[in-house]
Amino acid sequence: MSDSATNARRSAIYLLDQVLGEGRLLSECLAAGALDRLEPEDRARAQRLAVETLRGLERADRLLQKHLKKGTPLTVHNTLRVGTVELCQGAAAHGVVNSMVEITSKNKRYGKLKGLVNAVLRKIAADGPAAWAALRAPRLPKWLRQPLAQAWGNEAMLAIEQVQFAGAPLDVSFKPDTDTTVLGGEVLPTGSVRLRDAGQVSALPGYASGDWWVQDAAAALPVQVLAPKAGEEILDLCAAPGGKTMQMAAAGAKVTALDVSKNRMKRVQENLDRTGLTVTVVVGDALEHQGQYDAILLDAPCSATGTIRRHPDLPQAKDGSEFGELIELQTRMLAHAWDLLKPGGRLVFCTCSLLPDEGEVQVEEALDMFPDMRVDRTAVDLPGIDPTWITEEGGLRLRPDYWAEKGGMDGFYMARLHKET
Ligand SMILES: C[S@@+](CC[C@H](N)C(=O)[O-])C[C@H]1O[C@@H](n2cnc3c(N)ncnc32)[C@H](O)[C@@H]1O
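Residues numbered from 1 in each chain as written. Predicted model: local features only at pLDDT ≥ 70, side-chain atom pairs only at ≥ 80, totals over all residues.

Is there a simple way to explain the site of the ligand in this structure?
Neighbouring residues of the ligand: 19 residues in total, closest C238, A240, V260, A286 and D299. Looking at the shell around the ligand, the elements with two or more residues in it are α11 (243–250) and β6 (254–259). Looking at the shell around the ligand residue by residue, the classes come out as 11 nonpolar, three polar and five charged. (Near = placed C-beta within 6 Å. Helix = DSSP H or I, 4+ residues; strand = E, 2+ residues; numbered from the N terminus. Nonpolar A, V, L, I, M, F, W, Y, C, P; charged D, E, K, R; others polar.)

Listed below in C-alpha cells is the structure:
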C-alpha cells in the first residue's frame, strides 16, 4: 500500500495531467472531486505540490530537458516535474525518488519507464537544487506575455513574473467592529490584513465565528470605491463566491446577490451563513435580471489574468481563445447594468484582469456610448492608493507588482460610474 505522501504526489501528478493535457483549471478539477478520496492533509499537500510545480514549470523543464527525449509521455514528464520541484525545494531525495518510481511502476502503460524516472531524479537530486536557484523567474507563455508587455512595458512584465513566482500571502477582510488583531498579520495600507504561512484557514481564530473572510487586498477595493451605505438597495450582478457581497452586506446595504452559477452560489450562501450576514440570493443570468437599484457592483467574468500569482494553472490551461467572447459579454453586461441603475445612482465596473480591453477600454467605450455616464475619479482616491495608479479616464489600475516587497496584490481594474439625473 502507498504511503500518504505517495498518494498526495500521485494526485498532484493527476492534477498536472488535467491542467497541461486537458486544459482544465485546478478549480474545475477540485470542484469535480479530483481530491475527494484523500485525507484533508494529503489533499492540501497534493494541491500545494501541483500549484508549486505549475509555478516553477519553466525552471523544472529547463533542468529536465537534457535528460529527456522528445515524446516522453505527459504523465511521466509530470511525475518528473513534481519530483524536480520537490527536490529543488529541499525535500529528502530518497522519499521523493522512491515515491515517483512507485507511482510510475504502477502505471499500466508506462510502468517500464520507472528506470528512467529513477535515473533522472537521482541526477536532479545531486545537482538540481544549485542549478534551480540560478534560473530566472519563469516567464508567462508568449500568447499572454506579449499583450501584457505591450500594455505595461517589459520592466513591469519582469516584475509581475517575479511576484507571480513568489506566490501570494493570504489576505483577509474583517467585518466592521471586529477585533482585527486576532490573526496577527500585517495591516495593509488599504485596511486588509495580510498573513504569511497562514496554514489551514478554517482553523484560524475568528473563522468559525465569521469575523472575517479570505479576500485579496486588491479584490477588497471595488466595494470601498462603491462606498455602500446602510439601507441602500444594491445589486451585486456577478456575486459568487461572495467576498464583495459580504463587504456590502456588512456595511448595512440591502444587497441582491446574483450569479448564474448555482454551484458557486452555494458557496455564497455558506459564506453568508458563517458570517451571519443576510442578502437576497438570486441564481440567474445578469443579462435577464430586471429592477432598479441605488447602486450596482459589476464584477464581470473576465480572463482572471490578474490572479496568476494565486492561480498559476491559468496560463498553462488556457490559450486566450475565449478572451474575445468574455470582452463582448462584459460590454453587454455593462450596458444592461446601466439600465438597472436609478438616475443619480452609481455603478462600479471591475475585473480581475490585466488586459486593458477588460478594463480601461471597456470604460472608455461605455463613456462614448452613454451620454448620461461620467467617471467619478475622486472615488478611487482612497487611503493607501498611490495616485499614480489612477488612470487617465479616472479608474484605478492595480498590478501584481504593486507592493511587491509585501507580496504583491492581484491585478485589478475598477471605475465608479455615475448616472446623471
Ligand atoms: C469575477 S467572478 C465574481 C467574484 C465575486 N464578485 C466575488 O467578489 O467573490 C465572476 C462571476 O460571474 C459569474 N457569471 C458569469 N456569467 C454570468 C452571467 N451571465 N450572469 C450572472 N453571473 C455570471 C460567474 O459565475 C462568476 O461567479
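Hey, could you run me through the sheet that holds strand β2 (residues 186–187) in this one?
Within a sheet, neighbouring strands are paired by backbone hydrogen bonds and run either parallel or antiparallel to one another. In space, the four strands of this open sheet follow the order β2-β3-β1-β4, with antiparallel pairing throughout. Of all the strands in the sheet, the pair left with one neighbour each is β2 and β4 (212–214). Direction of pairing for strand β1 (residues 170–174) relative to β4: antiparallel, over a ladder of three bridges. Across the sheet, residue V172 finds its bridge partner in β4, namely V214. (Pairing = 2+ DSSP bridges.)

Where do I start with helix α1 (residues 4–22) in this structure?
Because each turn of an α-helix spans 3.6 residues, side chains separated by three or four positions in sequence point in the same direction. Between the first and last C-alpha of α1 there are 26 Å, a value that for 19 residues agrees with the 27 Å anticipated at 1.5 Å per step. For α1, the secondary structure elements touched by its buried residues are α2 (26–31), α3 (40–55), α5 (74–88), α6 (93–105) and α13 (314–317). In the stretch just after α1, G23 is the one whose phi turns positive, near 70°. (Expected span 1.5 Å × (residues − 1). Contact = placed C-beta atoms within 7 Å.)

How do you make sense of the pairing of β1 when you look at a structure like this?
Successive residues of a regular strand alternate their side chains across the two faces of the sheet. Most of β1 is tucked away, with five of its five residues classed as buried. Burial along β1 is two-sided: L170, V172 and F174 facing one way and D171 and S173 facing the other are all buried. Of the strand pairs in this sheet, β1 and strand β3 (residues 193–195) are connected by three bridges, and their pairing is antiparallel. Note on β3: the bridge partner recorded for L170 is L195. (Buried ≥ 20, exposed ≤ 12 C-beta atoms within 10 Å, placed from the backbone.)

I'm lost on the packing of α1 against α6 in this one. Help?
The relative placement of two packed helices is expressed as an angle between their axes plus a distance between the axes. It is the contact of α1 with α6, at a shortest axis distance of 10 Å, that shows an interaxial angle of 60°. You can see that α1 and α6 cross each other, and the crossing is right-handed. Along the contact surface, α1 presents A5, T6, R9, R10 and I13, while α6 presents G95, S99, M100, E102 and I103. For the contact of α1 with α6, the per-class residue count stands at four nonpolar, three polar and three charged. (Axes fitted to C-alpha atoms, helices over the stretch in contact; angles between N-to-C directions. Left-handed = near helix turned anticlockwise from the far one by under 90°.)

For this particular structure, what's the right way to read the confidence of the model for the protein?
Close inspection of predicted coordinates is inappropriate in any region flagged by low pLDDT. The predicted model of the protein averages 97 in pLDDT, with 100% of residues at 70 or higher. Scored as a whole, the predicted complex attains pTM 0.96, and scored at its interfaces, ipTM 0.99. (pLDDT = per-residue confidence, 0-100.)

Whenever I open this one, the UniProt feature "domain: SAM-dependent MTase RsmB/NOP-type" (unreviewed entry) in the protein confuses me. Can you help?
Look at the UniProt record and you will see "domain: SAM-dependent MTase RsmB/NOP-type" (unreviewed entry) annotated at residues 132–420. A distance of 57 Å separates the end C-alpha atoms of residues 132–420, which is 30% helix and 20% strand. (UniProt positions renumbered as here; feature names shortened; annotations may be inferred.)

How do you make sense of α11 when you look at a structure like this?
Within α11, eight of the eight residues are buried, leaving the element largely enclosed by the surrounding structure. All of the buried residues along α11 are G243, K244, T245, M246, Q247, M248, A249 and A250. G252 occupies a position one or two residues after α11 and carries a positive phi of about 95°.

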